[in-house]
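# Descriptive structure summary
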Amino acid sequence: MGRSAAGRRLSVVATDQAVSAASSLLVTLIAAQLLDVASFGLFGLIFICFVAAQGVIRAWVGEPTLLHHDDALAGPGPMLSAAVALAAFVGVVLALAGAATWAWHAEVGLSLLILGALMPGLTLQDYGRFLGFARHEPERALALDLLRVLLLVIGAAWVWWADAGLVPLVLVWSGSGAVAGLLTLVHHRTHLAVPSVRWLRSTWTFSWRYMLSFAATQGSALATTIAIAGIAGAADLGAVRGVLLLTGLFTMVQAAFMAAGVAEVAAAPDDRELVRRQARRGTVLMGVIAAANGAVLLALPDGVGELILGDTWAGARTLFWPAALHLVALGMITGVRSALMGRRAIRVTMVIDVVSTTAMLAAVIVGVSVNGALGAWWALACLQVVVAVVWWLVYLAHMRRFAPAPPLEAVPDDLTEARPDRGEPAMTSSMGDH
């Protein structure tokens, strides 16, 4: 019965992520078709600001929620209050950035102001999905994403008909998420979401580590972008962005499977068979999806590729072999990482995240210096294979000395080496992936 229920939840998670990916793809395609090159670039800048803001909120309240299964079941009121309070603060920061940017570019400034104003609603939509995973109610996450897609399609039709520009598109994109977020309040209407940071105090030992991992990942990604543009030029950077667009679906599916896997293990972290099953299931499923995505890349006809990427296709298609290898290596990490996170082995996963992203940045810089974007991708892919091996070695070592997971309140706040009786592997300096 337990296996059947877990399998059903996983199916709903996969469906939900397909819907979420469809909404992201829809926004990208509409922006590409509706906006000129300069405005499309500005839209990308605004989207990066949103991803950064969302990442901060996920690190502080979203990811820790997956580990606090009992809190989510008992009553998510304090969790929702913390999410809304943090979203309001981040929204003010975005609004101030918009006001400061206004003099440079009025449309970007106004777009950031809109994004800041709607951030609480957008956060409710995103955080509602985390609550759905944590409470083993992925149907609610699916309902949130379906509602957002419906609102987005209606809004996009208006934007297309009116031939509107950057600001209306940002309003429709962010507004659809903010309105859909109200459904989270309906789902948890018996739990008042009054802005408060009280719950954050109980998640501090996890939140700062998630934040450090996120900062390392995003900082590495930004530095990689700058390195490729500065060393290889804008054309190679465009080719890399094209490959990332074609592999974006896998990335989003992996993130959802990771969140669902963490929630499954966190609900019963001392069930050795469940932990093994989650690691095995995540590895097989994401490995197959990664291989399928890679095969599609390699088999994609030129006509279809040019239709999707335009002039960027010619450069992007030369990167598909290393990109496919990179995807498979990422897929092999999914199950073991979610198992370790669900087991609350937060220190070792954080160290692997930070060290791996630093190593990957160095590898990309060396690769792009030797052979442009192609060298960068091969360097990244080869290192990712090593990273996958390290993740598995850490996981196997953890399972060999399997012990009860540490209580949430007992997870230490320092970076000293873990004791075996705490059920957490000793911190290593090995490299890994996020």
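Just above sits the structure.
First, a word on what this report is: a plain description of the structure on this page. (Residues numbered from 1 in each chain as written. Predicted model: local features only at pLDDT ≥ 70, side-chain atom pairs only at ≥ 80, totals over all residues. Heavy atoms only, no water.)

### A closer look at the environment of Glu-137
Its location among the elements puts Glu-137 in the loop between helix 5 (106-134) and helix 6 (138-162). Residue classification places Glu-137 among the partly exposed residues on the basis of a relative accessible area of 23%. In the structure, Glu-137 is positioned 125 residues away from Val-12 in sequence and 9.2 Å away in space, judged by C-alpha atoms. Within polar-contact distance, the side chain of Glu-137 engages the side chain of Arg-135 at 3.1 Å. (Helix = DSSP H or I, 4+ residues; strand = E, 2+ residues; numbered from the N terminus. Buried < 20%, exposed > 50% of the residue type's maximum accessible area, 1.4 Å probe, protein only. Polar contact = N/O pair within 3.5 Å; in protein donor to acceptor, adjacent residues only side chain to side chain.)

### Some details on the environment of Val-328
Residue position: Val-328 is located in helix 14 (residues 320-342). Residues Val-328 and Gly-294, spaced 34 residues apart in sequence, show a C-alpha to C-alpha distance of 7.8 Å.

### Some details on the nonpolar core
Generally speaking, soluble globular proteins have nonpolar side chains that are buried together. Ranked by internal contacts, the top residues of the largest apolar core, which has 58 residues, are Phe-43, Val-61, Leu-66, Met-119, Tyr-127 and Trp-173. Listed by contribution, the elements that provide at least two residues to this core are helix 1 (2-34), helix 2 (37-67), helix 4 (77-101), helix 5, helix 6, helix 7 (166-187), helix 8 (204-231) and helix 10 (248-267). In this view, Leu-66 contacts Phe-130, Phe-133, Ala-134, Ala-259, Val-262, Ala-263 and Ala-266; residues no more than four positions away in its chain are not counted. Core analysis: the second largest hydrophobic core is formed by 50 residues, Ile-228, Val-253, Val-348 and Tyr-395 among them. (Core = buried A, V, L, I, M, F, W, Y, C linked by side-chain atoms within 4.5 Å. Contact = heavy atoms within 4.5 Å.)

### A word on empty space enclosed by the protein
This model, assessed by the stated rule, comprises five cavities of 30 Å³ or more. Its volume calculated, the second largest cavity comes out at about 60 Å³. No other element matches the six residues that helix 2 contributes to the lining of the second largest cavity. The residue inventory of the lining of the second largest cavity, partitioned by class, reads six nonpolar, three polar and two charged. (1 Å grid on protein atoms, 1.4 Å probe; cavity = no way out; pocket = protein on both sides within 12 Å on 5 of 7 lines; lining within 4 Å. Points joined across faces, edges and corners; volume = space filled by probe spheres on them. Nonpolar A, V, L, I, M, F, W, Y, C, P; charged D, E, K, R; others polar.)

### Observations regarding the packing of aromatic side chains
The tally for this structure, following the rule as stated, stands at five aromatic pairs. Judged by centre distance (5.5 Å) and plane angle (35°), the ring pair of Phe-47 and Trp-173 falls under tilted. Here the residue Phe-47 occupies a position in helix 2, and Trp-173 occupies one in helix 7, the gap between them amounting to 126 residues. Residue classification places Trp-173 among the buried positions, given a relative accessible area of 5%. Above the ring of Phe-402, the side-chain terminus of Arg-343 is found at 3.9 Å from the ring centroid. (Phe/Tyr/Trp six-rings, centres within 6.5 Å; stacked < 30°, edge-to-face > 60°. Lys NZ or Arg CZ within 6 Å of the ring centre and 35° of its normal.)

### Considering helix 6
An ideal rise of 1.5 Å per residue puts 36 Å on 25 residues; helix 6 measures up with 36 Å between its terminal C-alpha atoms. When we look at burial in helix 6, the residues that qualify are Pro-138, Ala-141, Leu-142, Leu-144, Asp-145, Arg-148, Val-149, Leu-152, Gly-155, Ala-156 and Val-159. Just downstream of helix 6, Asp-163 is the residue with a positive phi angle, here 50°. (Expected span 1.5 Å × (residues − 1).)

### Thoughts on unusual backbone geometry
Residues other than glycine seldom take positive phi values, yet His-136 does so here, at roughly 60°. Among the structural elements, His-136 can be located in the loop between helix 5 and helix 6.

### Details of the packing of helix 4 against helix 5
A pair of packed helices can be characterised by two numbers: the angle between their axes and the separation between those axes. At a closest axis distance of 7 Å, the pairing of helix 4 and helix 5 adopts a crossing angle of 165°. Comparing the axis directions of helix 4 and helix 5 gives the class roughly antiparallel. Crossing hand, helix 4 versus helix 5: right-handed. Split into classes, the residues belonging to the contact of helix 4 with helix 5 amount to 20 nonpolar, six polar and no charged. (Axes fitted to C-alpha atoms, helices over the stretch in contact; angles between N-to-C directions. Parallel < 35°, antiparallel > 145°, perpendicular 65-115°, else oblique. Left-handed = near helix turned anticlockwise from the far one by under 90°.)

### So, helix 5
Here helix 5 contains 29 residues, and its C-alpha end-to-end distance of 41 Å stays within 8% of the 42 Å for a straight helix at 1.5 Å per residue. At Met-119, helix 5 shows its strongest bend, of approximately 55°, with the proline Pro-120 following within four residues. Buried residues dominate helix 5, accounting for 22 of its 29 residues. His-136 sits one or two residues past helix 5 and shows a positive phi near 60°. (Bend = angle between axes of the 7 residues up to and from the residue.)

### Notes on a nonpolar patch on the surface
Taken together, the side chains of Leu-298, Trp-321, Leu-325, Trp-378, Val-385, Val-389 and Leu-393 make up a nonpolar region of the molecular surface, amounting to roughly 660 Å² of accessible area. When residues of the nonpolar patch are traced back to their parent elements, those giving at least two are helix 14 and helix 15 (346-400). Considering each element in turn, the nonpolar patch owes the most residues, four residues, to helix 15. When you line up the elements, Trp-378 lands in helix 15. Trp-378 gets classed as partly exposed once you look at its relative accessible area, which sits at 36%. (Patch = residues over 30% accessible without salt bridge, like charges linked within 9 Å, V, L, I, M, F, W, Y side chains within 5 Å. Areas by Shrake-Rupley, 256 points an atom, 1.4 Å probe, with all protein chains shown as cover. Salt bridge = Lys/Arg side-chain N within 4 Å of Asp/Glu carboxyl O.)

### What about the packing of helix 11 (residues 272-299) against helix 15?
Direction vectors running N to C along helix 11 and helix 15 enclose 165°, while the axes themselves pass 12 Å from each other. Between helix 11 and helix 15, the interaxial angle falls into the category roughly antiparallel. Pair helix 11 / helix 15 crosses with left-handed handedness. Listed contacts from helix 15 to Arg-272, Val-275, Arg-276, Ala-279 and Thr-283 of helix 11 are Trp-392, Tyr-395 and Met-399.

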